[in-house]
Each structure stands twice: as C-alpha cells, then as structure tokens.
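Residue strings, one per chain:
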Amino acid sequence: MSLEELINNCKKGNRKAHEQLYRDYSKILFGICLKYSRNKVEAEDNLHDSFMTIFNKIAQYKSKGSFEGWIKRITVNTVLQKYRKEEFLNVISENTAEVPVEVSSNETDIPLQTLLSYIQELPNKYRLTFNLYVLDGYSHKEIAEMLGTSTGTSKSNLARARMLLREKIEIANKAKISIG
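Since this is a predicted model, take the numbers as computed values, not measurements.

Draft legend 1. Representation of the overall build of the protein chain within the structure. When its secondary structure is counted, the protein chain shows eight helices and zero strands. Out of the 180 residues belonging to the protein chain, those deemed buried represent 41%. Looking at the protein chain as shown, the accessible area adds up to about 10,400 Å², and 51% of this sits on carbon and sulfur atoms.

Draft legend 2. Spotlight on the environment of Asn 39. Positionally, Asn 39 belongs in the loop between helix H2 (15–36) and helix H3 (40–57). The class of Asn 39 is partly exposed, set by a relative accessible area of 37%. Sequence spacing of Asn 39 and Gln 120 is 81 residues, and the spatial spacing of their C-alpha atoms is 6.6 Å. A distance of 3.2 Å separates a polar atom in the side chain of Asn 39 from the backbone nitrogen of Val 41.

Draft legend 3. Region of the structure containing the packing of H2 against helix H4 (residues 67–84). Two elements in contact, H2 and H4, have axes whose closest approach is 10 Å; the angle formed by their N-to-C orientations is 40 degrees. In terms of their interaxial angle, H2 and H4 are classed as oblique. As H2 runs across H4, the sense of the crossing is right-handed. The residues of H4 that touch H2, namely those facing Leu 21, Tyr 25, Ile 28, Leu 29, Ile 32, Cys 33 and Tyr 36, are Phe 67, Glu 68, Ile 71, Lys 72, Thr 75, Val 76, Val 79, Leu 80 and Tyr 83. Classifying every residue of the contact of H2 with H4 by side-chain character gives 13 nonpolar, one polar and two charged.

Draft legend 4. Representation of the environment of Ile 7 in the model. Looking at the secondary structure, you find Ile 7 in helix H1 (residues 3–11). Classification of Ile 7 by relative accessible area gives buried; the value is 6%. Along the chain, Ile 7 and Ser 63 lie 56 residues apart, while their C-alpha atoms are 9.2 Å from each other. When neighbours within four sequence positions are excluded, Ile 7 is seen to be in contact with Ile 58, Tyr 61 and Phe 67.

Definitions and limits used
- Residues numbered from 1 in each chain as written.
- Predicted model: local features only at pLDDT ≥ 70, side-chain atom pairs only at ≥ 80, totals over all residues.
- Heavy atoms only, no water.
- Helix = DSSP H or I, 4+ residues; strand = E, 2+ residues; numbered from the N terminus.
- Buried < 20%, exposed > 50% of the residue type's maximum accessible area, 1.4 Å probe, protein only.
- Areas by Shrake-Rupley, 256 points an atom, 1.4 Å probe, with all protein chains shown as cover.
- Polar contact = N/O pair within 3.5 Å; in protein donor to acceptor, adjacent residues only side chain to side chain.
- Axes fitted to C-alpha atoms, helices over the stretch in contact; angles between N-to-C directions.
- Parallel < 35°, antiparallel > 145°, perpendicular 65-115°, else oblique.
- Left-handed = near helix turned anticlockwise from the far one by under 90°.
- Contact = heavy atoms within 4.5 Å.
- Nonpolar A, V, L, I, M, F, W, Y, C, P; charged D, E, K, R; others polar.

Worth remembering: the numbers are spatial, not functional.
The structure is reproduced here in structure tokens:
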C-alpha cells in the first residue's frame with residue numbers, strides 16, 4: 001500500500017491502516033519522544049499520546065509537504081504541550097546571561113547512550129530547551145513561543161543545561177581517570 005493510500009485509509013478510520021502507520025513510524029517518533037522525556041516509560045506515554053493526536057488530526061493533513069515532517073511536528077508539539085501545562089517552564093529569571101560552555105574533544109569521549117542519559121536527567125525546563133536548540137536547531141525566539149516563555153528564559157535555560165551537562169561529563173571523566 002502506498003503512503004497516499006495509507007493516509008487516505010487512516011482518514012477513513014481504518015484500524016488496519018492505523019496499525020500499519022504505527023508500525024511504519026513508531027520507531028522514528030519514539031526516538032523523538034525519548035529525546036524530550038525523562039525516561040523510557042514517559043517516552044512511551046508520549047508516543048501513545050502523539051499517535052492519538054496524529055489519528056485525530058490526520059484529516060487535516062493536505063498532502064502538502066512531507067508527511068513524516070508533519071507527524072514529527074505533531075509529536076514534538078504533543079510532548080511540549082504536556083510540559084507547557086507544568087509550572088516549571090517559568091521559574092528561571094530572565095536576567096541570567098547566556099554563558100557558552102565549551103567541552104573539549106578529550107572530554108567528550110563518552111558513549112552516546114551515556115550522554116543521552118545525562119540529557120534525560122536534566123530538569124524538564126533545561127532538557128526541553130537544550131534539545132530544541134542544540135539537537136533540533138530551533139532559535140530562542142521559536143523555543144520561547146513553543147514553550148510559552150521569553151527568549152531570555154530560553155537562553156538562560158540553555159546555559160544552565162550546558163553547565164549541568166559539563167559538570168556530569170567532568171565527574172564521569174574524573175571517575176574514569178581514578179579507575180584507569
């Protein structure tokens with residue numbers, strides 16, 4: 001079945017088409033959910049919520065632009081909407097200047113899975129901002145709009161996320177040196 005047929009069948013509410021769409025895109029969307037979630041269980045919940053939103057809104061897809069891009073955007077928005085409801089996004093003062101944090105190449109010799117776990121351990125406001133800015137390439141203005149904050153808060157949250165990640169990497173490197 002072509003993608004166009006699959007989408008049309010989903011628009012008609014065909015359960016088999018929904019299952020096929022889930023099989024085709026769940027791994028990609030789970031990766032997005034995992035990136036923005038604190039842990040695997042939360043990512044699974046966010047994936048479920050995202051697919052529910054996709055199935056509810058699929059009639060709005062007008063075959064303009066990439067379907068994969070459309071469902072990825074819905075997934076990001078579904079996850080962010082969940083966090084937008086929590087008060088944690090507005091806690092940081094806007095007066096904190098953005099402090100660039102550099103990690104030298106010898107400090108980044110850590111497994112990708114370990115780095116991902118460090119990112120997932122960040123407080124929500126920092127994790128979301130870090131992922132949107134560093135991994136997805138959104139501007140601070142766009143992040144502020146998505147999270148319902150100001151650009152100053154976005155910059156501050158990014159600086160603090162980078163600082164926390166640097167601290168975790170430094171601790172891991174010190175532990176490696178003392179063991180090795």
